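What follows is the residue order along each chain.
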Amino acid sequence: MNDFCLLVIAKAPIPGFAKTRLCPPATPEQAAEIAAAALLDTLDAVAATPGALPVVAATGDFTAAARQGELAHALWATDVIPQRGEGFGERLANAHADVCHLGLPVLQIGMDTPHVTAELLADAAARLQDEEAVLGLAEDGGWWALGLRDPRDAKVLADVPMSTAETGAHTLAALGLSSAALPTLSDVDTMADARLVASSAGGRFAEAVAAVGS
């Protein structure tokens, strides 16, 4: 039985398309390998989360992605829907709208926190029994997870400035809902971020980061 929708926002890990801020010191190919590893480790945690119905909102050509075979196998166990919209906030809002028909609460994450665990995801979703929303802030002021008891409330994300040091605060204000805070995590934007996360993540992600020289 599915208790909630676990919505993953994913970008195809193609050289020159994904994780370009890791270059340099990473090459575009190494950055794509890191992005693919992050997504694969994230999908492992998603698959192990009890009660979750996994949905991946994807953008980009996954047939051209690094680790295409591994990703195809991991994505086979999920429902994959296309991202739609112009800005990132609009794409997030639309992704929530596109899973409303499931009639389930939604916990949305990205692919920048490969150190996330199934236990953390399950606990975040469980909090939606008592709260209208849950939000996990990132160290840089953004957020890594957003849970909504009613995914229609995500429509406000279309007007929230994304990728700023105030995105988390703006998101909370725009939602205007009773909410609970999730643990704050570091996400991966720069190579310094990647090395910090790799020190605790392990798995494919740590191996991919270790392959990049200083």
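Residues numbered from 1 in each chain as written. Predicted model: local features only at pLDDT ≥ 70, side-chain atom pairs only at ≥ 80, totals over all residues. Heavy atoms only, no water.

## Thoughts on the overall build of the protein
Now for step 1: On a plain count of helices and strands, the protein comes out with 7 helices and 7 strands.
Now for step 2: When its helices and strands are written in sequence order, the protein yields β-α-β-α-β-α-β-α-β-β-α-β-α-α.
Now for step 3: Whereas a compact globule of 214 residues would reach a radius of gyration of roughly 17 Å, the protein reaches 16 Å, a difference of no more than 12%.
Now for step 4: Counting only C-alpha atoms and orienting by the principal axes, one finds that the protein spans roughly 45 × 35 × 35 Å.
Now for step 5: In the protein, which comprises 214 residues, the share counted as buried stands at 50%.
Now for step 6: Of the contacts formed within the protein by residues at least 6 apart in sequence, a portion of 71% connects residues at least 24 apart.
Now for step 7: Split by element, the accessible area of the protein, about 9500 Å² in all, is 53% carbon and sulfur. (Helix = DSSP H or I, 4+ residues; strand = E, 2+ residues; numbered from the N terminus. Rg over C-alpha atoms; globule rule 2.2 N^0.38 Å. Buried < 20%, exposed > 50% of the residue type's maximum accessible area, 1.4 Å probe, protein only. Contact = heavy atoms within 4.5 Å. Areas by Shrake-Rupley, 256 points an atom, 1.4 Å probe, with all protein chains shown as cover.)

## So, the layout of surface pockets
Rolled over the atoms, a probe with the dimensions of a water molecule shows which regions are left empty.
Now for step 1: Counted as a void, the largest pocket has a volume near 950 Å³.
Now for step 2: Contributing to the lining of the largest pocket are 34 residues, with Lys-19, Phe-88, Asp-112, Ser-163 and Asp-189 lying nearest its centre.
Now for step 3: For the lining of the largest pocket, the secondary structure elements donating two or more residues are strand 1 (4–11), helix 3 (88–97) and strand 6 (143–148). (1 Å grid on protein atoms, 1.4 Å probe; cavity = no way out; pocket = protein on both sides within 12 Å on 5 of 7 lines; lining within 4 Å. Points joined across faces, edges and corners; volume = space filled by probe spheres on them.)

## So, the nonpolar core
Now for step 1: The biggest cluster of nonpolar side chains holds 39 residues, and the ones touching the most others in it are Leu-39, Phe-62, Leu-107, Leu-121 and Trp-144.
Now for step 2: Only strand 1, helix 1 (28–47), strand 2 (52–59), helix 2 (68–76), strand 4 (106–109), helix 4 (118–126), strand 6 and strand 7 (179–185) provide two or more residues apiece to this core.
Now for step 3: The leading source of residues in this core is helix 1, at 8 residues.
Now for step 4: One finds Val-55, Ala-95, Val-106 and Val-160 within the second-largest nonpolar core, a separate group that totals 21 residues. (Core = buried A, V, L, I, M, F, W, Y, C linked by side-chain atoms within 4.5 Å.)

## Looking at the state of the cysteines
Each disulfide consists of one covalent bond between the sulfur atoms belonging to two cysteines.
Now for step 1: Overall, the coordinates contain 0 disulfides when judged by the stated rule.
Now for step 2: As a non-bridged cysteine, Cys-5 has Cys-100 as the owner of its nearest cysteine sulfur, 9.7 Å distant.
Now for step 3: Under the relative-accessibility criterion, Cys-5 is labelled buried at 0%. (Disulfide = S-S within 2.5 Å.)

## What to know about unusual backbone geometry
Now for step 1: A cis amide bond links Cys-23 to the next residue, Pro-24, at an omega of -20°.
Now for step 2: For Pro-24, the position within the fold is in the loop between strand 1 and helix 1.
Now for step 3: The residue after Pro-24, namely Pro-25, is reached through a cis peptide bond having omega 10°.
Now for step 4: Counting through the fold element by element, Pro-25 comes out in the loop between strand 1 and helix 1.
Now for step 5: Its identity as a non-glycine residue notwithstanding, Lys-19 has a phi of 55°, on the positive side.
Now for step 6: Relative to the elements of secondary structure, Lys-19 occurs in the loop between strand 1 and helix 1.

## Here's the deal with the environment of Ala-45
Now for step 1: Relative to the helices and strands, Ala-45 resides in helix 1.
Now for step 2: Sequence-wise, Ala-45 and Pro-114 are 69 residues apart; in three dimensions their C-alpha atoms are separated by 8.5 Å.
Now for step 3: The contacts of Ala-45, once residues within four sequence positions are left out, are Val-116, Thr-117, Ala-118 and Leu-121.

## Considerations on the sheet that holds strand 4
Now for step 1: Spatial strand order, 3-2-1-4-6-5-7: 7 strands in an open sheet with mixed pairing. Looking at which strands have only one partner, the edges of the open sheet turn out to be strand 3 (79–82) and strand 7. In this sheet, neighbouring strand axes are inclined to one another by 20° on average, regardless of whether the strands run parallel or antiparallel.
Now for step 2: Of the pairings in the sheet, the one linking strand 2 to strand 3 comprises 4 bridges and is parallel in character. (Pairing = 2+ DSSP bridges. Axes fitted to C-alpha atoms, helices over the stretch in contact; angles between N-to-C directions.)

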